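Structure at a glance
Listed here are the chains, written in short residue letters.
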Amino acid sequence: MVVRAKISRSTIHYCIYYAALCILVISMPTSRWMQTASLILLGANWLVEGGLKEKFRKFFSDKPAVAFSMIYLVIVIGLLWSKDLKYAFSHDLLHKSPTLFLPLIIVTSPGPDRRMLRLLLLLFITSVFTVSVIGLLNRAFHPDISFREASPYMPGAYYGMMLILA
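As the structure is a computational prediction, the values presented were derived from the model and not from experiment. (Residues numbered from 1 in each chain as written. Predicted model: local features only at pLDDT ≥ 70, side-chain atom pairs only at ≥ 80, totals over all residues. Heavy atoms only, no water.)

**A closer look at the side chain of Thr 108**
Mapped onto the elements of the fold, Thr 108 is located in helix H6 (residues 98-108). One polar contact links Thr 108 to Trp 46, side chain to side chain, over a distance of 2.6 Å. (Helix = DSSP H or I, 4+ residues; strand = E, 2+ residues; numbered from the N terminus. Polar contact = N/O pair within 3.5 Å; in protein donor to acceptor, adjacent residues only side chain to side chain.)

Below, the structure written as structure tokens:
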């Protein structure tokens, strides 16, 4: 006898949400392309899930999330002093858009349970550690390369912040 469990739509969105978060934390120190893909997956899942009116109401009632998203407004205001507006609109605003949308998605999605939060942290720490080992091996076997290449996938400043966070 085959027993079929009923899978609800919210369960599917929940699984997609956490899978995309897992991909995001793994790809942060390793791949900007995968970071972008996971952010697009998070955004698409959030939109398809529906209930936008309730989600925005929930978001605007969370003051820290609104304050964090306001950083994007400061960036937009800073464009008033930009000498290259074409570059600013095509690159800067696009690359900083997660600052605007990620708090909205995270606050209005189901909160992670303790086990899932630990998994996300473990995946992030493991990814940062793996990139550290790769960078160390790069420097060990190629001593003539620049110390900046010890962070092979991300700019050193970003990777350094991730290393401190991990």
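**Quick notes on the environment of Phe 147**
Residue placement: Phe 147 occurs in the loop between helix H7 (114-141) and helix H8 (156-165). A residue is classified by how much of its surface remains accessible, and Phe 147, at 57% relative accessible area, is exposed. Each C-alpha atom, one on Phe 147 and one on Tyr 159, is 13 Å from the other, the two residues being 12 residues apart in sequence. (Buried < 20%, exposed > 50% of the residue type's maximum accessible area, 1.4 Å probe, protein only.)

**Notes on the packing of aromatic side chains**
Counted according to the given criterion, the structure contains 5 aromatic pairs. A ring pair is formed by Tyr 14 and Tyr 18, whose centres lie 4.6 Å apart and whose planes are at 75°; its orientation type is edge-to-face. Of the two residues, Tyr 14 and Tyr 18 both sit in helix H1 (residues 9-27), 4 residues apart, roughly one turn of that helix. Its relative accessible area of 30% is what places Tyr 14 among the partly exposed residues. Aromatic side chains Phe 56 and Phe 60 sit 6.4 Å apart centroid to centroid with 25° between the ring planes, which places their arrangement in the stacked category. One end of the pair is Phe 56 and the other is Phe 60, both in helix H3 (residues 52-60) and 4 residues apart, which spans about a single turn. Taken together, the aromatic side chains of Trp 46, Phe 56, Phe 59 and Phe 60 make up a single cluster linked through ring pairs. (Phe/Tyr/Trp six-rings, centres within 6.5 Å; stacked < 30°, edge-to-face > 60°.)

**Let's talk about the side chain of Asn 45**
With respect to the helices and strands, Asn 45 occurs in helix H2 (residues 32-49). Not counting chain neighbours up to four residues away, the residues in contact with Asn 45 comprise His 13, Ile 16 and Tyr 17. (Contact = heavy atoms within 4.5 Å.)

**Re the pattern of salt bridges**
The full count for this structure, using the stated rule, is 3 salt bridges. The shortest N-O distance in the salt bridge between Glu 54 and Arg 57 comes to 2.8 Å. Taken as a pair, Glu 54 and Arg 57 lie in helix H3 at a separation of 3 residues, close to a single helical turn. According to the relative accessible area criterion, Glu 54 is partly exposed, its value standing at 47%. Judged by relative accessible area, Arg 57 falls into the partly exposed class, the value being 48%. Across the salt bridge formed by Asp 92 and Lys 96, the nearest N and O atoms sit 3.9 Å from each other. (Salt bridge = Lys/Arg side-chain N within 4 Å of Asp/Glu carboxyl O.)

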